[in-house]
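Inside the fold
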Amino acid sequence: MGRRFPGSAGGGGGGGDSIGEFNVVKMFETAGSFTWTKPAKIGGSRILVHVWGAGGAGHNATGTNAEGWGGGGGGYAMKYIDNSSLGATETITIGAGATTTDGQGGTTSFGSHCSASGGNSGDNDTSNEGSNSGSNGAANRGIGGLGLQGDVNRRGGRGGAWYYASTTNAGGGGGGSAPAPYGHVDGYPGGNGYSTNGAGGGAGIGGEGGGWYSYPGGGGGGSMSEGHGSQGNYDTPGNGGAGLFGCHGGATGGYGAFATYQGGIARAGQSGSGGLILEPNRIMFGGGGGAGGSASVYSSGGNGRDGGHGGPGAGGGGCAQVNGQGDYGFRAGNGGLLGGGGGSCAYLWAGDGGNGGGGGGCGFSDAASTRFGKGGPGLVIIQYRVNF
């Protein structure tokens, strides 16, 4: 037995005669410290633990440091632990997502058995568990965290790169994703900001975030495939990546209200659909990526629109803009579980990462602004057998 949608810390399902090695699953998804008690009638010979570090925050590019990197995804460790090696209780620590541009997501751990470091924020130069050959420097900005002591150890995806030409022509990178359950590959990188006023989508567990063209926002990566960029400059924004169980977010509206462009009124990107399967012997995050937001220009100015949110395992769409003009309240899409937040153009709000996902970067804003996306908290899932 299990469940198809996430719940609060300590949630899960199980019991009865589940087919497979395990018959209970528990998920812990809120930052903090928790206690797992070894069941008196624990069955089988081992348990399976999945641990994800928290995501790094994006960077808020300023006039003195114009690099709107996305935040890195948290690392991942998977480990089988013999029942005989377990204590009567084990402490679970869920790392908190980064909330500063030069910080790092918190480390998540299951007792002393395994852990995963959090991703670096977009302005953090510190080496993260051996990144950049162990040396500090700009190559560590937005780098993902790393799993430690697991049977499988994976690194989170790096935040997307930035673009900056001026205070009114800038795009932030999307947040990196955490690795997918079971750790077949590392996390994926967020989409890159692009000239002119293009913002990257957040990464999903199935592919990187989209980007690459002027004015539209890139689509968030899905649980099955990468996010998409626009078909060309001034065109309709990027669709989100496909989901295992749901559709990607669709992009609507192109850049411009003039006949020389694609026409269309700027519209918010659609959010990705799809859910997850959380069962004693099967964990699958199946959401689609959020679509990028579009931008419109008029004879007297311009405006942008929100990016769509990602489903479980998927990234949020980037938020587009026109030359620093319009309503600055628009936002990029947030990532779903393990997905990165979308990046934003100048003065707009970047999206937050889901659990383990990095926050999106903001193309440009004042130094005191908090328009960058925050990192998501870590995550722990435990699979085991109880003799009822």
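Residues numbered from 1 in each chain as written. Predicted model: local features only at pLDDT ≥ 70, side-chain atom pairs only at ≥ 80, totals over all residues. Heavy atoms only, no water.

1. Side note on the packing of aromatic side chains
Note the cut-off: Only Phe, Tyr and Trp rings take part, Trp by its six-membered ring, and two of them pair if their centres are within 6.5 Å. Stacked means planes under 30 degrees apart, edge-to-face means over 60, and tilted covers everything else. Any residue under 20% of the maximum accessible area for its type is buried, any over 50% is exposed, and the rest in between are partly exposed; the area is computed with a 1.4 Å probe on protein chains only. Two conditions define a charge located above a ring, namely a distance within 6 Å from the ring centre to NZ of Lys or CZ of Arg, and an angle within 35 degrees of the ring normal.
In total, this model carries six aromatic pairs according to the counting rule given. Centroid distance Phe-28 to Phe-34: 5.8 Å. Interplanar angle 45°. Geometry classified as tilted. Phe-28 gets classed as buried once you look at its relative accessible area, which sits at 7%. Assessed through its relative accessible area of 21%, Phe-34 is described here as partly exposed. Between the NZ or CZ atom of Arg-331 and the centre of the ring of Trp-349, over which it lies, the distance is 4.6 Å.

2. Comments concerning the sheet that holds strand S6 (residues 89-94)
Threshold: Note on pairing: DSSP must find at least two bridges between two strands before they are called paired. Where helices and strands are cited, they refer to DSSP runs of H or I of at least four residues and of E of at least two residues respectively, numbered from the N terminus.
Overall, antiparallel pairing links the five strands, which are arranged S3-S6-S7-S8-S9 in an open sheet. The strands lining the two open edges of the sheet, one partner per strand, are strand S3 (32-37) and strand S9 (147-148). Looking at chain direction, strand S8 (residues 114-116) and S9 are connected through two bridges and run antiparallel. Directly across from Ser-115, in S9, lies its bridge partner Leu-148.

3. Structural notes on the pattern of salt bridges
To keep it simple, the criterion reads: Salt bridges are identified by distance alone: a Lys or Arg side-chain nitrogen within 4 Å of an Asp or Glu carboxyl oxygen.
Overall, the coordinates contain five salt bridges when judged by the stated rule. One salt bridge in this structure joins Glu-21 and Arg-46, with 2.7 Å as the shortest N-O distance. Taken together, the positions of Glu-21 in the loop between strand S1 (11-14) and strand S2 (24-28) and Arg-46 in strand S4 (residues 46-52) put the pair 25 residues apart, joining distant regions of the chain. Relative accessible area serves as the criterion here: at 34%, Glu-21 is assigned to the partly exposed category.

4. Quick look at the nonpolar core
Our working definition: Residues belong to a common nonpolar core when they are buried Ala, Val, Leu, Ile, Met, Phe, Trp, Tyr or Cys residues joined through side-chain atoms within 4.5 Å. Throughout, a residue-residue contact means that at least one pair of heavy atoms, one from each residue, lies within 4.5 Å.
Counting 19 residues, the largest nonpolar core has Trp-36, Ile-47, Val-49, Ile-92, Phe-110 and Ile-382 as its most contacted members. Every element with two or more residues in this core is listed here: S2, S4, strand S5 (76-82), S6, S8 and strand S17 (379-384). Discounting residues that sit within four places of it in the chain, Trp-36 has contacts with Ile-42, Ile-47, Leu-86, Ala-88, Thr-89, Glu-90, Ile-92, Phe-110, Ile-382 and Tyr-384.

5. Quick word on the side chain of Ser-223
Rules: Pairs of N or O atoms within 3.5 Å make up the polar contacts considered here, provided that, within protein, one atom can donate a hydrogen while the other can accept it, and that residues adjacent in sequence are counted only when both atoms are side-chain atoms.
When you line up the elements, Ser-223 lands in the loop between strand S12 (169-171) and strand S13 (276-279). Take Ser-223: its relative accessible area is 8%, and that puts it in the buried class. A distance of 3.0 Å separates a polar atom in the side chain of Ser-223 from the backbone nitrogen of Leu-244. The contacts of Ser-223, once residues within four sequence positions are left out, are Ile-205, Gly-206, Ala-242, Gly-243, Leu-244, Phe-285, Gly-286, Gly-287, Pro-312, Gly-313 and Ala-314.

6. Describing the pairing of S4
Across the seven residues that make up S4, a large majority, six, are buried. Relative to S5, S4 runs antiparallel, the two sharing seven bridges. For Ile-47, the partnering residue across the bridge sits in S5 and is Ile-81. Inspection of the sheet shows S4 paired to S17 by five bridges, in the antiparallel sense. Residue pairing in the sheet places Trp-52 in a bridge with Leu-379 of S17.

7. Things to note about the pairing of strand S11 (residues 163-166)
In the sheet, S11 pairs with S12 via three bridges, with the strands oriented antiparallel. Residue pairing for S12: Tyr-164 is matched across the bridge by Ala-170. As consecutive antiparallel partners, S11 and S12 are separated by two residues.

8. Remarks on a nonpolar patch on the surface
Note the following rule: Each patch is built from salt-bridge-free residues with over 30% relative accessible area, joining like charges within 9 Å and nonpolar side chains (Val, Leu, Ile, Met, Phe, Trp, Tyr) within 5 Å. All accessibility values rest on the Shrake-Rupley procedure with a 1.4 Å probe; residue burial counts only the protein chains present in the view.
Taken together, Met-224, Leu-244 and Phe-245 make up a surface patch of nonpolar side chains, about 280 Å² in accessible area. Note that Leu-244 resides in the loop between S12 and S13.

9. Focus: the confidence of the model for the protein
Cut-off, in case you're wondering: Known as pLDDT, the predictor's per-residue confidence is scaled from 0 to 100.
Looking at the protein, pLDDT values average 86 and 82% of them are 70 or higher. Contacts of residues 1-10 to residues separated by more than four positions or lying in other chains number 39 contacts, the stretch itself having pLDDT below 50. The model gives residues 251-263 a pLDDT under 50, and that stretch makes 49 contacts with residues more than four places away or in other chains.

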